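# Chains, contacts and geometry: an overview
So the chains spell out like this:
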Amino acid sequence: MKKLPLIILLLLFALPAWGATYYVNATGGDDSRNTTQAQVISTPWLTIQKCADNTVAGDTCVVAAGTYDEQVTESTDGTAGKYITYVSSTHSNPLANPAGGAICRGFNLNHRDYIKIIGFQITHVNTTYSFGIDIQLGQHNQILHNYIHHTYGPGIDVSNTGTDYNIIRGNTVDFANCPAVDGTPVAGYCKGSAFSPVGDYNLFEYNTIKRVNDYFAFSLGGGSYKSENTIIRNNFMGYNNNSDFPDNTHAEGNKECTGNGTATDPHTSEQYTPSCCTGSKTGTCTARHIDGVQFNTNATNLLFEKNYHDIGDGSDITQKHAFLIRADGNSGVKMRDNVWKNLTGAYYSSGTGFRYYNNTIINSNGSGVGWIMYGELANTRNVDGKALNNLYYNTSFLPSSRPWFIYNRDPANELIADYELWYNYATYYLDMYQAPTPLDGETSHTVNSNPLLEVRYSLPSNSPAKGAGVTITLANGAAAEATTTLVVDDAFPFVGQDWAVPEASGSAYGDTIIIGTNDPVTITAINYSTNTITISAAQTWLDNAAIRLANHNATMDIGAYPYKADGFALTGTWALADGTVTVTPSDASLVRFVEVFEDGIPKGVDYTSPYTVSGIGAGTVTAIMYGLYASPTPMIRATNGGAPVAYNITSSVVNSAGGTISNSQYIESGNTAQFTYTVYNGWKFKAWAGTCGGSGTTTYTTNAITADCTVTVEFEAIKLNTFCR
């Protein structure tokens, strides 16, 4: 064996195997210390910015608990395989205590690449700062498991063409664009979005977003702004009420009331009924709307899947849109396997290849615009749109001049809608609207029956939605000899590895599909113009073989949840042996992937059962299972001995004429929940009650939750004094 020269050996031993780890502590830190001292936990720096000024590729800044009144600007890039990492040392369990991280004012990652931000609490106490985390024109960054709330600007700003290949995962965003002083939102500022998703190949997944105006929104139409190959999936977009905000802080702008309780819809020029135009009011009033996904810029190959959007009561919100996709020139927008609850409408303006299938819509009632206004603006052109296998439960819109179901604003638009289930609905088609076309051009296959929905709107074995759907596409021609080239009737519903976003593993994954009765294969590439799919393994098939996503049943069901005899409850355990963590879920078919953390830092992921991650030391281990289907709890923590169970806490008012209560919650076992109330004029608070147990007056804190339970608030009318003469 050839020996290395001594000088080379010395150089090899002099190079660190990993980057440096620096420590920051708001208590006892000192920025005058040098880089050698700051690598010792007992002699840390004082500020995060000091660490940022000294990092190079591969370095880590470990930030202790405390408040750091600074917005950190990173001036150095990491590299592939050598990220610069910022991690809060008190946030080693990303699901247990989102408010427990080191507190700072955010991170500026403009023009920066390969940076990780993990486990911080980011909040603004005034209007000095403009965002939580800003990564405009940055690439390959990862924003993981942060708690971002009461920010002056967007929670996470990914907004510029050239902001590409970023992963935004597992964050909680609350009161974005709504800074607070002493915990109270600043009046007049709460008007913005949680995320601004622009750029290419960006992934937004497993985030929880609450109390915002827009969830995923970018509104700079025209110019060179665009969003291509973006994936938004498995996020929970949660509860939202005007009562959460001070007066006039969360508005869509001034509306001109007509005097008969209506105002003019700014998008359609039709009349609608904002909550602030009551009675015979005329002149201006402030109304409010929310948007789940809003793109006023071109969206190409946008995948929006398996998200769970429940606005809660939301009775005081004027317009509650699931999505608004408006720019001309959209192409290949796919919305599949989502749950929308308590929302009142959606818009899609123009484009090619809109695919909307296997979604579940619950309790979409009110004076909204109808569920989907396809071709929202007059004279917009839509080509080749399809809506299939969607379930609508309790959907009724008033006044009757507003259709509730999918409809065309322009008869020239091309839209097929079929194999839907409608239950407890009201539908109105007027001459100005064009009804959609059935799949075969002649006969509708609509089901008008109670789907008998079970927990989280899944299907029981006797549901009329079970097996009542249609296969999304078919093979166009047989393959007698094994091949990897598949021509289909319609390739638009699918995603190929060639444009999919790199995931937690660093690799991109196309859809896993099943062709006929074959084994599952992955789509490696798609040519949408020729409907040609390239698959990962050669197979044979018959002409007109059914093609479906691997998580759908062979006989297609209607709705976001395919029938599953064992249901969708997910628990799991983990075990550590010889430096390897093995995670065992209760049902691997419910899991997309598993990630293991040590002391808050991601150590690895596994997409295949049995799930294992190696290289674990003596630190605190956290194992997270990322669920495959839409859920209000998209991440489940596996622990050594079993995953915590989550329970429903249902809130209600004894006499609703007196006021309201904050929304029902879904809480992990052993945690507590808090509820507040809003009392109307002429009433006063009387008492809290329910089965959860707890205490409080203005704010009610439950006991530790161990089962489904209830919280109720009771009001009583204020008795006026009377005087007799």
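Residue numbers run consecutively from 1 along every chain, following the written order of its sequence. Selection of residues for local features in this predicted model requires a pLDDT of at least 70, selection of side-chain atom pairs for listing and counting requires 80 or more, and totals for whole chains, interfaces and linings are taken over all residues. In computing side-chain properties, one takes all heavy atoms of the structure into account and sets aside hydrogens as well as water.

Here a strand is any run of E in DSSP of at least two residues, a helix any run of H or I of at least four, and the numbering for each starts at the N terminus. A tally of helices and strands in the protein chain yields two helices and 69 strands. Relative accessible area decides the class of each residue, using a 1.4 Å probe on protein chains only: under 20% of the type maximum gives buried, over 50% gives exposed, and in between gives partly exposed. Within the protein chain, the fraction of its 725 residues that count as buried is 55%. Residue contacts follow a heavy-atom distance rule, with two residues in contact if any of their heavy atoms lie within 4.5 Å. Sequence separation of 24 or more characterises 68% of the internal contacts of the protein chain that already satisfy a separation of 6 or more. In short, Shrake-Rupley with a 1.4 Å probe defines the accessible areas, and a residue's cover is counted only from the protein chains shown. Of the accessible surface of the protein chain, which amounts to about 28,200 Å², a share of 50% is contributed by carbon and sulfur atoms.

To continue, consider the pattern of salt bridges. The salt bridge criterion pairs a side-chain nitrogen of Lys or Arg with a carboxyl oxygen of Asp or Glu, the two atoms within 4 Å. Summed over the entire model, instances satisfying the criterion amount to 20 salt bridges. Ionic pairing is found between K306 and D337, a salt bridge with its closest N-O pair at 3.1 Å. Here K306 is found in the loop between β32 (303-305) and β33 (308-310), whereas its partner D337 is found in the loop between β36 (334-336) and β37 (339-341), with 31 residues between them in sequence. Both residues of the pair, K306 and D337, belong to the buried class. Among the ionic contacts, a cluster of salt bridges with common partners joins E305, K306, R336, D337, D511 and R592.

On to the sheet that holds strand β67 (residues 694-696), then. Sheets are built from strands paired through backbone hydrogen bonds, the pairs being either parallel or antiparallel. Two strands form a pair only when DSSP identifies at least two bridges running between them. On the basis of which strands lie adjacent, the open sheet formed by four strands has the order β63-β65-β68-β67 and antiparallel pairing. Of all the strands in the sheet, just β63 (659-661) and β67 have a single pairing partner and so form its edges. In this sheet, neighbouring strand axes are inclined to one another by 20 degrees on average, regardless of whether the strands run parallel or antiparallel. As a rule, the C-alpha atoms of each element are fitted with a line to give its axis, helices using only the stretch in contact, and angles between N-to-C directions run from 0 to 180 degrees.

Before going further, it helps to spend a moment on the nonpolar core. With 64 residues, the main nonpolar core has I48, Y86, F107, F120 and F323 as its most contacted residues. Each residue touching F120, except ones within four places of it in the same chain, is listed here: I48, V63, Y86, V87, S88, A102, C104, F107, H145, N146 and Y147. To form a nonpolar core, buried Ala, Val, Leu, Ile, Met, Phe, Trp, Tyr and Cys residues must be joined to one another through side-chain atoms within 4.5 Å.

Here the focus is the pairing of strand β5 (residues 84-88). With five of its five residues buried, β5 lies for the most part within the structure. Residues I84, Y86 and S88 point to one face of β5 and T85 and V87 to the other, with burial holding for every one of them. With four bridges joining them, strand β2 (residues 60-63) and β5 adopt parallel strand pairing. Along β5, the bridge assignment pairs C61 with Y86.

Of the two faces of strand β61 (residues 635-638), the one lined by M635 and R637 and the one lined by I636 and A638 are each fully buried. Where strand β60 (residues 621-627) meets β61, four bridges bridge the pair, whose relative direction is antiparallel. Bridge pairing in β61 places A623 opposite A638.

Moving on: the confidence of the model for the protein chain. Detail in the predicted coordinates should be disregarded across regions flagged by low pLDDT. Confidence along the protein chain averages 82 in pLDDT terms, with 79% of residues attaining 70 or more. Values of pLDDT, the confidence the predictor places in each residue, fall between 0 and 100. Across residues 248-253, where pLDDT falls below 50, the model places 30 contacts with residues more than four positions away in sequence or in other chains. Contacts from residues 398-405, a stretch scored under 50 in pLDDT, to residues over four places away or in other chains number 36 contacts.

On to the packing of aromatic side chains, then. Only Phe, Tyr and Trp rings take part, Trp by its six-membered ring, and two of them pair if their centres are within 6.5 Å. Stacked means planes under 30 degrees apart, edge-to-face means over 60, and tilted covers everything else. Counted according to the given criterion, the structure contains 27 aromatic pairs. Here Y206 and F593 contribute two aromatic rings whose centre-to-centre distance is 6.2 Å and whose plane-to-plane angle is 90 degrees, an arrangement assigned as edge-to-face. Separated by 387 residues along the polypeptide, Y206 in the loop between β20 (203-205) and β21 (208-210) and F593 in strand β57 (residues 591-598) bring together distant segments of the chain. In this structure, K116 packs its charged tip against the face of Y83, placed 4.8 Å from the ring centre. Its guanidinium or amino end placed over the ring of Y563, K466 lies 5.0 Å from that ring's centre, counting from NZ or CZ. Working rule: Lys NZ or Arg CZ, within 6 Å of ring centre, within 35 degrees of ring normal, means a charge sits over the ring.

Attention now moves to the environment of H445. Position of H445 relative to the elements: it lies in the loop between β48 (421-425) and β49 (473-474). In this structure H445 comes out as partly exposed when scored by relative accessible area, which is 27%. Along the primary structure H445 and N389 are separated by 56 residues, whereas in three dimensions their C-alpha atoms are 10.0 Å apart. Beyond its immediate chain neighbours, meaning those up to four positions away, H445 contacts D418, Y419, E420 and D440. For H445, the side chain forms a polar contact with the side chain of Y419, separated by 3.4 Å. Polar contacts, as used here, are pairs of N or O atoms within 3.5 Å; protein pairs need one atom able to donate a hydrogen and one able to accept it. Residues neighboring in sequence count only if both atoms are side-chain atoms.

As a further point, take the sheet that holds β57. In spatial order, the strands read β58-β57-β60-β61; together these four strands make up an open sheet with antiparallel pairing. Each of the sheet's edge strands pairs with one partner strand only, and the pair in question is β58 (601-606) and β61. Across the sheet, the axes of successive neighbouring strands diverge by a mean angle of 30 degrees, strand direction being ignored.

Now for the side chain of H124. Structurally, the position occupied by H124 is in the loop between β9 (121-123) and β10 (133-134). Take H124: its relative accessible area is 0%, and that puts it in the buried class. A polar side-chain atom of H124 sits 2.9 Å from the main-chain carbonyl oxygen of R105. A polar contact is formed between the side chain of H124 and the backbone nitrogen of Y152, at a distance of 2.9 Å. Ignoring anything within four residues of it in the chain, the contact list for H124 reads Q71, R105, Y129, S130, F131, G132, H149, H150, T151, Y152, P179 and A180.

On to unusual backbone geometry, then. The omega angle of the peptide bond from S609 to P610 is 0 degrees, so this bond is cis rather than trans. The backbone of Y114 sits at a positive phi, close to 55 degrees, despite the residue not being glycine. Looking at the element boundaries, Y114 is found in the loop between β7 (107-108) and β8 (115-118). On the basis of relative accessible area, Y114 is assigned to the buried category, the value being 18%.

Checked against the element boundaries, S656 lands in the loop between β62 (646-653) and β63. Each C-alpha atom of the pair S656 and Y680 lies 9.6 Å from the other, and the pair is 24 residues apart in sequence.

Moving on to the environment of G106. Relative to the elements of secondary structure, G106 occurs in the loop between β6 (103-104) and β7. Along the sequence, G106 and E70 sit 36 residues apart, while their C-alpha atoms lie 7.3 Å from each other. The contacts of G106, once residues within four sequence positions are left out, are E70, Q71, V72, I122 and G132.

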